[in-house]
Amino acid sequence: MKFLIVSLLAVSVVNGISVRGFANTNAVRITYARNDPKCTAMGPQCADDCRTLLFCSSFSSKPLSIMTCPATTPHCFNGACTSTAGLCKTGPGGSTFKCTDEGIFPDPSDCTRFHICEADSTAEDYQCDTGFVFNSILKSCQMGKTPCTKISCSRASEANTFIAYASNPTYYAFCMNDNGVFSTLMFKCLYDKFEEFDAKAKQCQFKCKAKGTFQNPADCGESFSCSGVNAKPVTAKCPAGWVFDGTSCNRDADTCVHKPKGSDGFSAPEPVDGAAEILFNKLKNAIHDKICALDNDPTKCKADTTITADQYREKSADEVNTYLVSVTLTKTNPSTTEVYHVKLISDLSDAQAPIEEVDKIDGPKSVGEELKPF
């Protein structure tokens with residue numbers, strides 16, 4: 001299927017590139033550059049949309065030239081295009097969508113729009129082409145008028161401030177009433193592959209989506225048995241200290257199929273192994289280079305240091321895996337160690353062009369400091 005997304009104010013075409021978690025062959029993001037962006041200083045500078053680079057002279061507030069940052073470095077900061085999001089904050093006219101979590105969200109009032117939220121709570125807005133609506137299950141624009149769910153918070157009462165998103169109840173809305181003025185906040189269930197929002201209970205609950213026995217994603221020691229699709233799940237608990245391994249209770253804690261997430265959506269810290277270790281080794285040189293780039297003498301740093309991965313936390317959504325990794329930098333002369341937190345991205349939504357990259361470096365950190373999203 002061919003997808004086309006049309007920008008309202010400024011067009012930035014992405015050809016053959018997969019927007020993180022949203023597979024498409026032709027797409028343009030909605031940007032909010034002013035119709036008349038103005039220069040405030042001589043030289044290159046970023047427009048209020050944080051996506052547009054202005055080239056300015058000292059003679060006029062009108063830019064000599066205007067450039068939309070390319071898909072490989074789509075964010076503008078400090079007069080240059082960069083691949084790192086969140087450094088620049090959008091000015092007036094930016095996205096008004098309020099992010100409640102990282103990932104893809106349908107628009108609550110417009111079936112042709114969706115939003116991609118970054119870890120720093122900034123949103124990027126997208127518009128499907130005429131004749132298409134956004135399918136939040138497939139995470140793609142689909143030809144036709146369905147599925148389409150619109151949420152109107154203007155009709156919500158104080159006793160019914162939560163509304164399920166009917167076409168995909170892994171999403172739900174909270175209608176915030178501020179002295180009679182309603183605004184809509186979109187949320188998604190923490191374990192969206194297993195849960196759906198129950199409007200009566202006002203919380204996400206496990207949903208039987210197939211016949212079988214499944215681990216409670218929030219508790220390694222609990223399982224749900226389903227006699228069929230939409231059946232009422234029957235709960236079972238393993239003995240204390242045991243975990244459900246997908247078939248039965250097991251003493252080995254490592255056999256827990258789905259590691260419970262923290263309130264931030266990431267798994268609990270654990271030693272680096274498996275997919276996280278493979279990705280770390282693939283990107284080891286790039287990680288080392290980026291850490292040493294923070295040193296006063298990057299060349300000497302790279303020659304005199306080694307890096308090792310200690311712990312990691314993982315968050316998966318829509319074939320995109322985000323890893324927070326605690327990395328130790330060991331110096332040989334003098335003999336010292338420093339700890340850095342590294343954010344790695346593995347985007348497999350486009351099998352022909354997978355993305356594996358070092359997203360951010362944070363540090364140096366204190367030894368034992370908690371791995372948190374950054």
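Before reading on, note that the structure itself is shown above.
Definitions and cut-offs
- Residues numbered from 1 in each chain as written.
- Predicted model: local features only at pLDDT ≥ 70, side-chain atom pairs only at ≥ 80, totals over all residues.
- Heavy atoms only, no water.
- Phe/Tyr/Trp six-rings, centres within 6.5 Å; stacked < 30°, edge-to-face > 60°.
- Helix = DSSP H or I, 4+ residues; strand = E, 2+ residues; numbered from the N terminus.
- Buried < 20%, exposed > 50% of the residue type's maximum accessible area, 1.4 Å probe, protein only.
- Pairing = 2+ DSSP bridges.
- Disulfide = S-S within 2.5 Å.
- Salt bridge = Lys/Arg side-chain N within 4 Å of Asp/Glu carboxyl O.

Peer 1: Honestly, the packing of aromatic side chains in this entry has me stumped. Any pointers?
Peer 2: For any pair of aromatic rings, the description consists of the separation of the ring centres together with the inter-plane angle of the planes. Per the counting criterion, the structure on display carries 13 aromatic pairs. With a centroid separation of 5.1 Å and 10 degrees between ring planes, the pair formed by Phe114 and Tyr126 is classed as stacked. Of this pair, Phe114 sits in strand S9 (residues 113-117) while Tyr126 sits in strand S10 (residues 123-127), placing them twelve residues apart in sequence. By the burial criterion, Phe114 is buried, and Tyr126 matches it. Relative to Tyr172, the ring of Phe162 lies with its centre 6.1 Å away and its plane at 45 degrees, an arrangement referred to as tilted. On the criterion of sequence distance, the pair formed by Phe162 in strand S13 (residues 162-164) and Tyr172 in strand S14 (residues 171-178) is long-range, its members being ten residues apart. On the basis of relative accessibility, which here comes to 21%, the residue Phe162 falls in the partly exposed class. Put simply, the rings of Phe162, Tyr172, Phe174, Phe187 and Phe197 pair up and form one aromatic cluster.

Peer 1: What is the right way to read the pairing of S9 from this model?
Peer 2: Moving residue by residue along a regular strand, the side chains alternate between the two faces of the sheet. Counting buried residues along S9, five of its five residues qualify, which places the element largely inside the surrounding structure. The side-chain alternation of S9 yields two buried faces, one formed by Arg113, His115 and Cys117 and the other by Phe114 and Ile116. Judged from the four bridges that link them, strand S8 (residues 103-106) and S9 form a sheet pairing that is antiparallel. Each residue of the ladder has a partner; that of Phe105, found in S9, is His115.

Peer 1: Would you explain the state of the cysteines in this entry?
Peer 2: Two cysteines form a disulfide when their sulfur atoms are joined by a covalent bond. In total, this model carries ten disulfides according to the counting rule given. Residue pairing for Cys128: its cysteine sulfur links by disulfide to Cys141, the two sulfurs lying 2.0 Å apart. What sets the handedness of the Cys128 and Cys141 disulfide is the S-S torsion sign, and at about -80 degrees it is left-handed. Taken together, the residues Cys128 in the loop between S10 and strand S11 (132-135) and Cys141 in strand S12 (residues 140-143) connect sequence positions 13 residues apart.

Peer 1: How should I be thinking about the pattern of salt bridges in this particular structure?
Peer 2: As a working rule, side chains carrying opposite charge can pair if their charged atoms are close by. Applying the stated criterion to the full structure yields twelve salt bridges. The salt bridge partner of Lys365 is Glu369, with a shortest N-O separation of 3.3 Å. A residue is classified by how much of its surface remains accessible, and Glu369, at 36% relative accessible area, is partly exposed. Overlapping salt bridges, with partners in common, bring together Asp101, Glu102 and Lys315 in one network.

Peer 1: What's the story with unusual backbone geometry in this structure? I'm lost.
Peer 2: Among all residues save glycine, negative phi is the norm, and among peptide bonds the norm is trans. The omega angle of the peptide bond from Thr146 to Pro147 is 0 degrees, so this bond is cis rather than trans. Of note, Pro147 is situated in the loop between S12 and S13. Following Gly363, the chain continues to Pro364 via a peptide bond in cis, the omega torsion being 0 degrees. If you trace the backbone, Pro364 turns up in strand S27 (residues 355-365).

Peer 1: Looking at this structure, I do not really get the pairing of strand S25 (residues 320-332). What am I missing?
Peer 2: Counting buried positions over the 13 residues of S25 gives eleven, a clear majority of the element. Summarising the sheet, S25 and strand S26 (residues 335-347) pair through 13 bridges and their orientation is antiparallel. Paired with Thr330 across the strands is Thr337, a residue of S26. Counted between consecutive antiparallel strands, the loop separating S25 from S26 contains two residues.

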